[in-house]
Amino acid sequence: YGFELSRYCGCWVGLKAITENMDSAISAEINPGRIEIKIPEDFEMPHDGVNVRWPDAPLAQEERLNKYKIYAARAFALENDINRIVIDSQQPRLGIITSGKSYLDVLQAFEDLGLDEELVAEIGIRVYKVGMPWPLEPVKTHEFARGLDEILVVEEKRSVIEDQLTGQLYNWPVGKRPRVVGEYDEEGNDLLTNLGELSPAMIARAIAQRVDRFYTSATIQERISFINSKEQALAKPRKLSEREPAYCSGCPHNTSTKVPEGSIAGGGIGCHYMSTWSKTRPAHNFTQMGGEGVTWTGMAPFTETQHMFQNLGDGTYAHSGILAIRQSVAAKVNITYKILYNDAVAMTGGQPVDGTLSLPELILQLRGEGVGRIEIVSDQPDIHRHLANNVVTVSHRDQLNAIQKSLRETPGTTVLIYEQTCATEKRRRRKRGLLPPAEAKVFINDAVCEGCGDCSVKSNCLSVIPKETELGRKRQIDQAACNQDYSCVNGFCPSFVTVVGGEMKKGAGISAAELSDTLPQPQLPEIEQPWNVLVTGVGGTGVLTVAAVLSMAAHLEDKGVATMNQTGLAQKFGPVVSHLRIAKRQRDIHAVRIPAGDADLVIGCDLLVSAGDDALAKLHQDRSYAVINDTVAVTAEFVNNPDAVFHIEPMKQSIRDELSQGMVDFLPATDIALALLGDTIATNLFMVGYAYQKGMLPVSSEAIEKALEINNVAVEFNKQAFLWGRLAAHDEAQVREISQIDKNRLTPLSGLDEIVDYRSADLAAYQNAKYADTYRQRVESVKAREREILGDNSNAFSIAFAKALHRVMAYKDEYEVARLYSDGRFQQQLKSSFSGDYKLQLHMAPPLLSRRDPDTGHLIKRQFGSYILPVFGLLARLKGLRGTAFDIFGYSAERRMERQLIDEVCATADTLLGNLSEDNLDHAMQIMNFVLDVRGYGHVKQANYQQYQLRLSQQLKRYHGQAVLPVEVAHVA
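Our subject in this report is the structure included herewith. (Residues numbered from 1 in each chain as written. Predicted model: local features only at pLDDT ≥ 70, side-chain atom pairs only at ≥ 80, totals over all residues. Heavy atoms only, no water.)

1. As for the environment of Asn929
Then, number 1: In this structure, Asn929 sits in helix α34 (residues 921-929).
Then, number 2: On the basis of relative accessible area, Asn929 is assigned to the partly exposed category, the value being 31%.
Then, number 3: Once the C-alpha coordinates of Asn929 and Tyr821 are considered, the two residues, 108 residues apart in sequence, prove to be 28 Å apart. (Helix = DSSP H or I, 4+ residues; strand = E, 2+ residues; numbered from the N terminus. Buried < 20%, exposed > 50% of the residue type's maximum accessible area, 1.4 Å probe, protein only.)

2. A short note on unusual backbone geometry
Across residues other than glycine, the phi torsion is negative in most instances, and most of the peptide bonds are trans.
Then, number 1: Cis geometry is adopted by the peptide bond preceding Pro135, which originates at Trp134 and carries an omega value of -10 degrees.
Then, number 2: Topologically, Pro135 is positioned in the loop between β5 (125-130) and α5 (138-145).
Then, number 3: The phi dihedral of Gln740 is positive, around 60 degrees, even though this residue is not glycine.
Then, number 4: With respect to the element layout, Gln740 can be found in the loop between α25 (732-739) and α26 (741-744).

3. Focus: the environment of Ile417
Then, number 1: Structurally, Ile417 is set in strand β13 (residues 413-419).
Then, number 2: Put simply, Ile417 and Val394 are 23 residues apart on the chain and 9.5 Å apart in space, counted from C-alpha to C-alpha.
Then, number 3: The residues contacting Ile417, other than those within four sequence positions of it, are Ile339, Tyr341, Leu359, Leu362, Ile363, Leu366, Ile374, Glu375, Ile376 and Val377. (Contact = heavy atoms within 4.5 Å.)

4. Examining the sheet that holds strand β8 (residues 265-266)
Then, number 1: Spatially, the six strands line up as an open sheet ordered β8-β9-β10-β13-β11-β12, and their pairing is parallel. Strands at the two margins of the open sheet, each flanked by one partner only, are β8 and β12 (392-396).
Then, number 2: Packed onto the sheet, helix α11 (residues 314-331) meets β9 (308-313), β10 (335-341) and β13 and runs at close to 165 degrees relative to β10.
Then, number 3: Helix α12 (residues 359-368) contacts β10, β11 (374-378), β12 and β13 of the sheet and is inclined by roughly 170 degrees relative to β13. (Pairing = 2+ DSSP bridges. Axes fitted to C-alpha atoms, helices over the stretch in contact; angles between N-to-C directions.)

5. Observations regarding the side chain of Asn83
Then, number 1: Looking at the secondary structure, you find Asn83 in the loop between α2 (58-79) and β3 (84-87).
Then, number 2: Owing to a relative accessible area of 3%, Asn83 belongs among the buried residues under this scheme.
Then, number 3: At a separation of 2.8 Å, a polar atom in the side chain of Asn83 contacts the main-chain amide nitrogen of Gly131.
Then, number 4: Side-chain polar atoms of Asn83 contact the backbone nitrogen of Met132, separated by 3.0 Å.
Then, number 5: Excluding anything up to four places from it in sequence, Asn83 contacts Ala77, Tyr128, Lys129, Val130, Gly131, Met132, Leu136, Glu137 and Lys140. (Polar contact = N/O pair within 3.5 Å; in protein donor to acceptor, adjacent residues only side chain to side chain.)

6. Description of the pattern of salt bridges
Then, number 1: Scanning all chains against the criterion turns up 54 salt bridges.
Then, number 2: In this structure, the salt-bridge partner of Asp485 is Arg397, at a minimum N-O distance of 2.8 Å. Placement of Asp485 in the loop between β16 (472-477) and β17 (496-504) and of Arg397 in the loop between β12 and α13 (400-407) is noted, with a sequence separation of 88 residues between them. The pair Asp485 / Arg397 is uniform in exposure class, with both members buried.
Then, number 3: Among the ionic pairs, Asp588 bridges to Arg585, the shortest N-O distance being 3.0 Å. (Salt bridge = Lys/Arg side-chain N within 4 Å of Asp/Glu carboxyl O.)

Rendered as structure tokens:
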């Protein structure tokens, strides 16, 4: 008669406890590694005995857990010395109990505080390393606690050890029971927060605070003083540009998370969580995985809102999201689940969804759950047309807004499946040859571009980046990052062109081999203590690759190495920080995170992240060196604010302030890498080469190059990037000259005369010489009046007026757009950017040829081939009709507004000059610049004009000392 006794207990001790109390008819022989139990066949198992129960009895399971298994686990920990005292003193006073990562952080805190073996013994510190936090073994714990005045518990997040410890010590006599502090001190104040990760600096401060109660150490005070001064310095107001995580270029979420005006959407787990802070695609709450939409069931009866959208990824749907949909159907609430079917678990690396359903299977399952209406929206709807029936409708993603408006009026639970492959996964598959390369690439005619930002609003894409010109900030496409989503072409602007076929010109691809012959080897640093390297950058640009390559290089040289990557939420565009520590021996490294002020080298691949608090906290004037890329990558703010300011100089100064003179180098690494190697992805290894040649990396160039070979991705390209970085550190002037970045860099005009000359020439080409002379005369008139008021050297207001007047006089009507496509500059741009046989598609909405969207009332853009370019040449020659009775385009409301705006700008200048003084000059210039925001085409420009009028009216009243009510005015695109 046999049964599986192993289910009764978890270890030898528990088994022994059972068998010792068995019926005498049962014999048991227990030996190391072997247990034999013999039960007679006629033996009747007792059902109500104390020690033996059937395996499936719930109460017996509970009894085994609470009476045997927990105590067996404790005995196991005691027998095997899993928890042990690792540091002790002759007369211990302060005990520190810790576990796991926190133990390494404690050791690092000791090192930071200068607590060597001698000082620890003098202070009286005992450290207890817990290998099994639960259940906490009491015998060894009591041995640790005996004789201590106080115990500091160092553990992250939940108080697992602290709560058990206080329970085990509760019955000790008051005189012998040590004080226990951890999450809070004895007065209930925060000590070691449970709200996030603990750092060595936080632990060091807690240890110092507890030690300071009974012992004074100059070494400890010096370290704490440094930490405090660092915090105070970082708390001072600074001009910083923030880098928020953002969706990848071309991410389906950029479109799928939109909701119609007046609707709300719910957030959840996945990349779409970032909608919870989005200004244009907001989600108003979030839940645990599988709870998406469940909150609405409880909220719906108590709100006047009749409907809600709920974002849901296909990975979450497969995991548990279907249960949320099931409850919504059962509860009969009005909700639309927007399931993004993107073919990958994108947020954590593009893995396939476990148990993924095909689209037809997904639809079948949803119908089986009782969903009565299913809409499929796709960028390729034709391949799904066969799925359409009386429940399922298939549409193009351009119809998303109208479909959502219809869904919110449909009672019950409905589903919108947004089908589009993850952009980053597409990119991976194209690199691996699993997906054909995109045929069409987006290109912007920056002369036509107004910089209104409607393309960014439509696409939410950070591959649409700023391009600074003399006539203001325009837009361009970052071809290296673009994933060919094409939603940016929906921006209401005629500057967008798709180039079908052909290839992007990749730049010079200049080899550094010839220059490397005279390159000296640097003196590498000694590493008597761990050498700490902080790498900062932007997600998706290879920051983690830098850490991995340098780690492998150290490993190849038999050095100790530890690395930690903080990647944030997004694979792309969010801040990324890698901590890398290299030592002679692995045991020399305690905590992986670099302690405050202990960075030996900062490789700043991004200026914004390098100037952030996390990076600056690692710098020390006596120890640190930094090399920083000062080519600023676009941030998420640029999507909603076309005039987003990147505070480059203040950020650079904040880094200089934390370092000694000459211990930081700034260089436009992205510009140099792009010019030399044709791809911005070379930037980070270029920076590594620079730092290496400066003698700031404790690994050899041979090891780094070997690590690149092991990585086996674009090996020669990466070696060239590393070598060019070394050459730049050796002779930066020569590398700049070869790359010609300084020659191609825009230098804005600053003097009034040169500003007026440049714009007069542009207006002459725009219309004629007479038109340009009118411009000059008006500027001269304003200049004369300004100097009469403020003196002969004053021209600041005149410069502002000159720029504003040119903007409104050079309004881009049909004749001007035609000229800017046909005057040769556009063709030259194409030739310099593309090679091979390609065709053009121009995306425009001519008022006389385009129909209107029934949902929005806006003109719908159409595609025109290259055949339209000769027509543009003809139309451009008809510019003399502009403003005459024969100008058929001039009768539209937009054109009348543009001509009226010229007079308004001149009138505004007269009004401002009438009350101009030194005190209000800046305010006058600010008001004059308002008109620069009146940009764009069609409904975009009309909306911006209305915002301009409201803003102008308010500020003119304030300028003249009149009281005004505050009005919030937002940029409209």
